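Chains, contacts and geometry: an overview
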Amino acid sequence: MLTVMLSPIRAIVTSYIPLCLRKHSMLCVMLSVNAALIVGASHYIGLNTSASAAPVGFYLRTAAHPGRGKLVEVCLPPNVAGFGVERGYIGHSWRCADGSEAVGKVVLGMPGDVVEIDPATVLKADTAGRPLDHFRFGRYRLRAGEIWLYGSAYNSWDSKYYGGVPVANVISNLSPIWTW
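Per-chain numbering applies: the sequence of each chain, read as written, is numbered from 1 onward. For a predicted model such as this one, the threshold for reporting local features is a pLDDT of at least 70, and the threshold for listing and counting side-chain atom pairs is 80 or more; totals across whole chains, interfaces and linings nevertheless cover every residue. Excluding hydrogens and water, the side-chain values take into account all heavy atoms of the structure.

Here the focus is the state of the cysteines. Linking two cysteines covalently via their sulfur atoms produces the bond known as a disulfide. The disulfide criterion is simple: two cysteine sulfur atoms within 2.5 Å. If you walk through the whole model with that rule in mind, you get 1 disulfide. Disulfide pairing places cysteine 75 opposite cysteine 96 at an S-S distance of 2.1 Å. Taking the torsion about the S-S bond as the criterion, the cysteine 75 to cysteine 96 disulfide, at about -95°, is left-handed. Taken as a pair, cysteine 75 in the loop between strand S3 (71-74) and helix H3 (78-87) and cysteine 96 in the loop between H3 and strand S4 (103-109) lie far apart in primary sequence, 21 residues in all. When sorted by exposure, cysteine 75 lands in the same class as cysteine 96, which is buried. Only DSSP runs of H or I covering at least 4 residues are called helices, and only runs of E covering at least 2 are called strands; the numbering of each starts at the N terminus. Only protein chains enter the accessibility calculation, which uses a 1.4 Å probe; a residue whose area is less than 20% of its type maximum is buried, one above 50% is exposed, and one in between is partly exposed.

What follows is the structure in structure tokens.
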């Protein structure tokens with residue numbers, strides 16, 4: 001019964017809307033639906049564009065369960081993130097409360113682990129020639145609630161420059177979907 005009632009209304013509406021406007025309306029609806037799907041999927045799927053810790057590609061975001069050797073997405077502490085944004089190491093994003101971009105890094109150390117920072121692994125300057133501060137050289141025991149982040153690229157901006165990061169800052173684990 002409802003279908004029968006809508007048909008005359010549809011006929012009246014479509015007779016008054018020019019064909020070109022109907023096509024544009026359909027295009028707008030399709031674009032809106034696709035945009036909503038992309039925004040919804042961005043909660044579960046991330047794009048890594050920096051090969052400092054993992055290959056460039058798409059990653060599935062899962063519940064945050066950091067562990068030694070796992071790839072995680074982390075919001076850096078605000079002072080560290082602010083420095084990273086200022087230098088252009090990370091960008092702006094909605095993922096972190098301070099508006100900075102989350103980083104994808106491998107967890108090298110968990111609370112209680114001892115890490116050692118070797119001066120040979122730390123760069124004195126970034127690729128733009130600006131001096132880089134670093135965490136103190138030598139052995140360091142991670143405190144309760146603290147993890148050590150690592151990137152495999154020689155110039156990865158990771159914990160050897162800013163120290164341990166609160167484990168509470170991990171927002172997801174990352175699993176590769178499609179990388180190159």
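So much for the structure itself; the text now carries on.
Time to look at a nonpolar patch on the surface. Patch definition: residues above 30% relative accessible area lacking any salt bridge, with like charges linked at up to 9 Å and the nonpolar side chains Val, Leu, Ile, Met, Phe, Trp and Tyr linked at up to 5 Å. Reported accessibility uses the Shrake-Rupley method at a 1.4 Å probe radius. Residues are deemed covered only where the shown protein chains occlude them. Any Lys or Arg side-chain nitrogen located within 4 Å of an Asp or Glu carboxyl oxygen qualifies as a salt bridge. Together, Tyr44, Ile45, Leu47, Phe58, Leu60, Ile177, Trp178 and Trp180 line one region of the surface with nonpolar side chains, adding up to about 850 Å² of accessible area. Every element with two or more residues in the nonpolar patch is listed here: strand S1 (45-48), strand S2 (57-62) and strand S9 (170-179). Counting through the fold element by element, phenylalanine 58 comes out in strand S2.

It is worth spelling out H3 at this point. Buried within H3 are the following residues: Val80, Ala81, Gly84 and Arg87. Buried residues in H3, looked at end-on, bunch into an arc of 130°, giving them a common side. Structural note: H3 exposes Pro78, Asn79 and Glu86 on the side pointing more than 90 degrees away from its buried face. Residues of H3 that are buried make contact with helix H4 (159-162). Once H3 ends, the next one or two residues include glycine 88, with phi positive near 85°. As used here, the arc belongs to the directions running from the helix axis to the C-beta atoms. The contact definition used throughout considers only heavy atoms, calling two residues in contact when any of these lie within 4.5 Å.

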